[in-house]
There are 2 protein chains.
Amino acid sequence: MDKEATITAGVIIIGNEILSGRTQDTNVSYIGKRLDDFGIRIAEVRIIADVENIIIEHVNHFRHTYDYVFITGGIGPTHDDVTAQSIAVAFSVELKKNKIALAAMKKFYPAKEFNNEQEKMAYIPVGAKLINNSISGAPGFQLENVFVLAGVPKIMQSMFDAISDRLHRGDPISTASVSTNLGESIFAATLGKLQQQYTDISIGSYPHFHATAPVVTLVMRGNNPQDIAKLKKELVTILQALGGEVFDP
Amino acid sequence: MDKEATITAGVIIIGNEILSGRTQDTNVSYIGKRLDDFGIRIAEVRIIADVENIIIEHVNHFRHTYDYVFITGGIGPTHDDVTAQSIAVAFSVELKKNKIALAAMKKFYPAKEFNNEQEKMAYIPVGAKLINNSISGAPGFQLENVFVLAGVPKIMQSMFDAISDRLHRGDPISTASVSTNLGESIFAATLGKLQQQYTDISIGSYPHFHATAPVVTLVMRGNNPQDIAKLKKELVTILQALGGEVFDP
């Protein structure tokens, strides 16, 4: 794989409700799938508490490590929403009332008078570009390579749509998969050899339980669809020769 | 909250399939909920690629930072399963064929002759304590404060059961929650004041979409159930006074 062509992303999920197990995160898998289509690869995800100095530390590390950083959570009006102020500190910029953000919110709720807490959502780090929120009005924002999105999945997804044309695209990532009822150990050695042969493709082997029977899914990922198609054919032949059933071949 | 009483955990999810969005992780929320019952709080989660030097770096950081570290994924027989060897390097110990692990596997598949790849799963860092796997035989292992579990949820859960009596318990964490149809901004100021008043309780405010209508759930967490019950009553009264409907009050 041409390492130059790989664009990397780091994702930071902010929220105690995910860490406590109370809320099941689904934003990582959504962002991962969407970025895949853009040829951008998530290299690392961190789920952290909504505590200012913790957010600052991780954001500053990620923005210097990965091409893009996507942050979800903590941009609402309550006391536990500390993401915007933390990002401002991380970038050493002021957090100021943003007229365009306020106008966006007023357009969304035309008859509404805003209290201090609603106005809090219009406080955006200086220099940030806003991210449209078509679900509930209050915008996200982008500072350099860092995109700050809402935590609520539906709103996060609407914001992701709004930024998708701001992202540089990498070489498209092609994937193929094959599932079998064979145990991993039966084909592990052959698979290891195939991986050494197809250095441009990453081959993953994922056992799981399909209904009641264990199944292994082999996933091939890389930038060359022809090579992937060839490898998939070889794999199907090998698995069948080993006496396995092959699903979705 | 008595900080002394808080036992912390870090969770490391190993696997490209989670990073690509292909597989939805559910292990974090399972472990989070179980640890809550033990008075152990997940402070941070990292999802990382199955690459040896990346695993080593994060494991070494986590094991010196948190009381417990739970790692899931990458202990199978295929070439992309590099967790056990990475942990051995992180702890500067050898990875050796473990007779008890092999016996556990043989007990599980009595008639089976093991090939090299199956035997690979019996290679365990020297000094590790095994973790029983009641689903598929091949064990996980514990080295000091680090617990290495399978990635497949069903197997991970069986391993978690097997280690639950090895964990020191913190003060039990009590939680309560209240949901309302009011927008966050309406009660944000009052909630902020309540948080300042109840310093022992962490109050989280989580907007989400319940069927078609937006709903906010307020979650209270702390070590003193009496205080939480008192706060919950206050909150219900406040939300109703603000004209809100309150669910599960």
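Residues numbered from 1 in each chain as written. Chains lettered and ligands numbered in written order. Predicted model: local features only at pLDDT ≥ 70, side-chain atom pairs only at ≥ 80, totals over all residues. Heavy atoms only, no water.

A count of helical and extended segments in chain A gives nine helices and 12 strands. By its C-alpha atoms, chain A is 70 × 40 × 35 Å across when sized along the principal axes. Every one of the 249 residues in chain A was classed for burial, and the buried ones make up 55%. (Helix = DSSP H or I, 4+ residues; strand = E, 2+ residues; numbered from the N terminus. Buried < 20%, exposed > 50% of the residue type's maximum accessible area, 1.4 Å probe, protein only.)

Attention now moves to unusual backbone geometry. Residues and elements named next belong to chain B. Positive phi, close to 55°, is recorded for S92, a residue that is not glycine. Mapping S92 onto the fold places it in the loop between α4 (83-90) and β4 (95-97). The backbone of E144 sits at a positive phi, close to 50°, despite the residue not being glycine. As for its position among the elements, E144 is in the loop between β7 (140-143) and β8 (146-149). Note on E144: relative accessible area 57%, which makes it exposed.

On to the pattern of salt bridges. Residues and elements named next belong to chain B. According to the stated counting rule, one finds 10 salt bridges over all chains in the structure shown. In this structure, D161 engages R34 in a salt bridge whose closest nitrogen and oxygen atoms are separated by 2.9 Å. Of this pair, D161 sits in helix α7 (residues 153-163) while R34 sits in helix α2 (residues 27-37), and the two are 127 residues apart along the sequence. Taking the shortest distance from any N to any O, the salt bridge between R46 and E44 comes out at 2.5 Å. A single burial state applies to R46 and to E44, both of which are buried. (Salt bridge = Lys/Arg side-chain N within 4 Å of Asp/Glu carboxyl O.)

Attention shifts here to the domain arrangement of chain A. Split by domain assignment, chain A resolves into domain 1 (3-166) and domain 2 (175-247). Here domain 1 of chain A and domain 2 of chain A have C-alpha centroids that lie 37 Å from each other. (Domains from an automatic or database assignment.)

Residue and element names in this part refer to chain A. Most of helix α4 (residues 83-90) is tucked away: six of the eight residues are buried. Regarding α4, the residues found buried are T83, A84, S86, I87, A88 and A90. Looking at the residues trailing α4, positive phi occurs at S92, about 55°.

A few words now on the pairing of strand β3 (residues 68-72) of chain A. On a regular strand, each side chain points to the face opposite its neighbour's, so the side chains alternate between the two faces of the sheet. All names here are of chain A. Counting buried positions over the five residues of β3 gives five, a clear majority of the element. Covered by surrounding structure in β3 are Y68, F70 and T72 together with V69 and I71, the residues of both alternating faces. Examined bridge by bridge, strand β1 (residues 7-14) and β3 share five bridges and lie parallel to one another. Following the sheet pairing, V11 is matched in β3 by F70. Bridging between β3 and strand β8 (residues 146-149) involves four bridges; their strand directions are parallel. Across the sheet, V69 pairs through a bridge with V146, a residue of β8. (Pairing = 2+ DSSP bridges.)

All names here are of chain A. Spatially, four strands are ordered β10-β11-β9-β12 in an open sheet, and the strand pairing comes out antiparallel. Of all strands in the sheet, those bounded by a partner on one side alone are β10 (202-210) and β12 (246-247). Relative to strand β11 (residues 213-222), β10 runs antiparallel, the two being bridged by nine bridges. Residue pairing for β11: F209 is matched across the bridge by P214. Running at roughly 160° to β10, helix α8 (residues 184-197) makes contact with β9 (174-180), β10 and β11 of the sheet. (Contact = heavy atoms within 4.5 Å. Axes fitted to C-alpha atoms, helices over the stretch in contact; angles between N-to-C directions.)

We now examine the relation of the copies chain B and chain A. You can overlay chain B on chain A at an RMSD of 0.0 Å; the transform is a turn of 180° with a shift of 0.0 Å along its axis. Taken together, the rotation and translation relating the two chain copies correspond to the operation of a two-fold axis. Closest approach to the rotation axis within chain B is made by the C-alpha atom of R46 of chain B, at a distance of 2.2 Å. Both copies share a contact surface, since 100% of the interface residues of chain B are interface residues in chain A too. (Least-squares fit on C-alpha atoms with pLDDT ≥ 70 in both.)

The next thing to look at is the side chain of S86 of chain B. Residue placement: S86 of chain B occurs in helix α4. The residues touching S86 of chain B, leaving out its near neighbours within four places in the chain, are E52, I55 and I56 of chain B.

What follows deals with the interface of chain B and chain A. Counting residues at the interface gives 58 residues for chain B, matched by 58 residues for chain A. Summed over both sides, the interface of chain B with chain A buries roughly 4300 Å², with 58% coming from carbon and sulfur. One can count 14 residue pairs in polar contact (both at pLDDT 80 or more) joining chain B with chain A. Secondary structure elements with two or more residues in the side of chain B that touches chain A: α1 (16-19), α2, β2 (40-48), α6 (116-120), α7, α8 (184-197), β10 (202-210) and β11 (213-222) of chain B. In the side of chain B that touches chain A, the residues fall into 24 nonpolar, 21 polar and 13 charged. The pairing of strand β2 (residues 40-48) of chain A with β2 of chain B spans five bridges and is classified as antiparallel. By the bridge assignment for β2 of chain B, V45 of chain A is matched with I47 of chain B. (Buried area = accessible area lost by both parts, 1.4 Å probe. Polar contact = N/O pair within 3.5 Å; in protein donor to acceptor, adjacent residues only side chain to side chain. Nonpolar A, V, L, I, M, F, W, Y, C, P; charged D, E, K, R; others polar.)

What follows concerns the packing of aromatic side chains. Under the criterion given, the structure shown has 16 aromatic pairs over all chains. The residue whose ring lies beneath K154 of chain B is F209 of chain A, and the NZ or CZ to ring-centre distance is 4.3 Å. (Phe/Tyr/Trp six-rings, centres within 6.5 Å; stacked < 30°, edge-to-face > 60°. Lys NZ or Arg CZ within 6 Å of the ring centre and 35° of its normal.)

All names here are of chain B. Where α2 meets α7, the axes come as close as 11 Å, and the angle between the chain directions of the two elements is 20°. Comparing their axes, α7 and α2 come out roughly parallel. The hand of the α2/α7 crossing is right-handed. Contact with α2, carried on its side by N27, Y30, I31, R34 and L35, involves P153, M156, Q157, F160 and D161 of α7 and no other residues of that element. Its residues placed into classes, the contact of α2 with α7 shows six nonpolar, two polar and two charged. (Parallel < 35°, antiparallel > 145°, perpendicular 65-115°, else oblique. Left-handed = near helix turned anticlockwise from the far one by under 90°.)

With mixed pairing, the 12 strands of this open sheet are ordered in space as β6(A)-β7(A)-β8(A)-β3(A)-β1(A)-β2(A)-β2(B)-β1(B)-β3(B)-β8(B)-β7(B)-β6(B). Only two strands of the sheet have a single neighbouring strand rather than two, namely β6 (129-131) of chain A together with β6 (129-131) of chain B. Averaged over neighbouring strand pairs, the angle between their axes works out to 20° when direction is ignored. Together, β1, β2 and β3 of chain A together with β2 of chain B form the strand contacts of helix α2 (residues 27-37) of chain A, whose direction differs from that of β2 of chain A by roughly 165°. Where α4 of chain A meets the sheet, its contacts fall on β1, β3, β7 (140-143) and β8 of chain A, and the angle it forms with β7 of chain A comes to roughly 10°.

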